[in-house]
Amino acid sequence: MVLLMLLDVLGRSYTTWVQNLDVAFLKLVAFPPLLVFDVLTFDAVFAQRGSLQWFYLALPGLVGSAALVGYILHLYLPYDWPFSLSLAFAATLGASETAD
């Protein structure tokens, strides 16, 4: 019984979140922490050594996956986002995965 009540509360919360999602909120609250973390942990020597590998291997993969995921997000999400926002969101999702 308690589990069903919890699921009901979570379901209503999720529905409210999805219906009232504001794109400006994503730009101002969700994206900056990702960027700050990357800037604070940046190692310039490591980036310089791996720049050719990144250019030839990671860049085409990121562009291709961002285009594919952006297209899928644009088609299937019910937010009526413009394609450019779907593409930016997909690129952020793809670029935020760390490869240690």
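For clarity, every value in this text was computed on a predicted model and none was experimentally measured. (Residues numbered from 1 in each chain as written. Predicted model: local features only at pLDDT ≥ 70, side-chain atom pairs only at ≥ 80, totals over all residues. Heavy atoms only, no water.)

Visitor: Which residues make up the packing of aromatic side chains, and what are the values?
Guide: Evaluation of the coordinates by the stated rule reveals 3 aromatic pairs. Ring plane angle 75 degrees and centroid distance 5.6 Å describe the contact between Trp81 and Phe89, whose orientation is recorded as edge-to-face. By relative accessible area, Trp81 is classed as buried at 10%. We classify Phe89 as partly exposed; its relative accessible area is 22%. Put simply, the rings of Tyr79, Trp81 and Phe89 touch in pairs and so form one group of aromatic residues. (Phe/Tyr/Trp six-rings, centres within 6.5 Å; stacked < 30°, edge-to-face > 60°. Buried < 20%, exposed > 50% of the residue type's maximum accessible area, 1.4 Å probe, protein only.)

Visitor: Just give me the short version of unusual backbone geometry, but keep the residues and values in it.
Guide: Although it is not a glycine, Asp80 sits at a positive phi angle of roughly 55 degrees. As for its position among the elements, Asp80 is in the loop between helix 4 (51–76) and helix 5 (83–95). Take Asp80: its relative accessible area is 75%, and that puts it in the exposed class. (Helix = DSSP H or I, 4+ residues; strand = E, 2+ residues; numbered from the N terminus.)

Visitor: Could you give an account of a nonpolar patch on the surface, with specific residues and numbers?
Guide: Side chains of Leu68, Tyr71, Ile72, Leu75, Tyr76, Phe83 and Leu87 sit close together on the surface and give an oily, nonpolar patch of about 730 Å² of accessible area. Among the elements of the structure, helix 4 and helix 5 are those that each provide at least two residues to the nonpolar patch. Tallying contributions element by element places helix 4 first for the nonpolar patch, with 5 residues. Relative to the elements of secondary structure, Ile72 occurs in helix 4. (Patch = residues over 30% accessible without salt bridge, like charges linked within 9 Å, V, L, I, M, F, W, Y side chains within 5 Å. Areas by Shrake-Rupley, 256 points an atom, 1.4 Å probe, with all protein chains shown as cover. Salt bridge = Lys/Arg side-chain N within 4 Å of Asp/Glu carboxyl O.)

Visitor: Can you break down helix 2 (residues 23–40) residue by residue, with the values?
Guide: Compared with an ideal rise of 1.5 Å per residue, which puts 18 residues at 26 Å, helix 2 spans 26 Å between its outermost C-alpha atoms and is within 8% of the ideal. Along helix 2, the largest kink reaches about 35 degrees and is centred on Phe31; proline Pro32 follows within four residues of it. (Expected span 1.5 Å × (residues − 1). Bend = angle between axes of the 7 residues up to and from the residue.)

Visitor: Kindly report on the confidence of the model for the protein, identifying the contributing residues and their values.
Guide: For the protein, the average pLDDT comes to 78, and 77% of its residues sit at 70 or higher. When the elements of the protein are averaged for pLDDT, helix 1 (residues 2–19) gives the smallest value, 67, and helix 4 the largest, 86. (pLDDT = per-residue confidence, 0-100.)

Visitor: A description of helix 4 should follow, citing residues and the corresponding values.
Guide: Its 26 residues place the ends of helix 4 35 Å apart at the C-alpha level, agreeing with the 38 Å of an ideal helix rising 1.5 Å per residue. Where helix 4 bends most, the angle comes to about 40 degrees, and this point is Ala58, followed within four residues by the proline Pro60. For helix 4, the set of buried residues is Ala66, Gly70 and Leu73.

Visitor: Please set out the environment of Leu21 residue by residue, giving values where relevant.
Guide: Counting through the fold element by element, Leu21 comes out in the loop between helix 1 and helix 2. A C-alpha to C-alpha distance of 8.2 Å links Leu21 and Tyr79, two positions 58 residues apart in sequence. Not counting chain neighbours up to four residues away, the residues in contact with Leu21 comprise Tyr79 and Trp81. (Contact = heavy atoms within 4.5 Å.)

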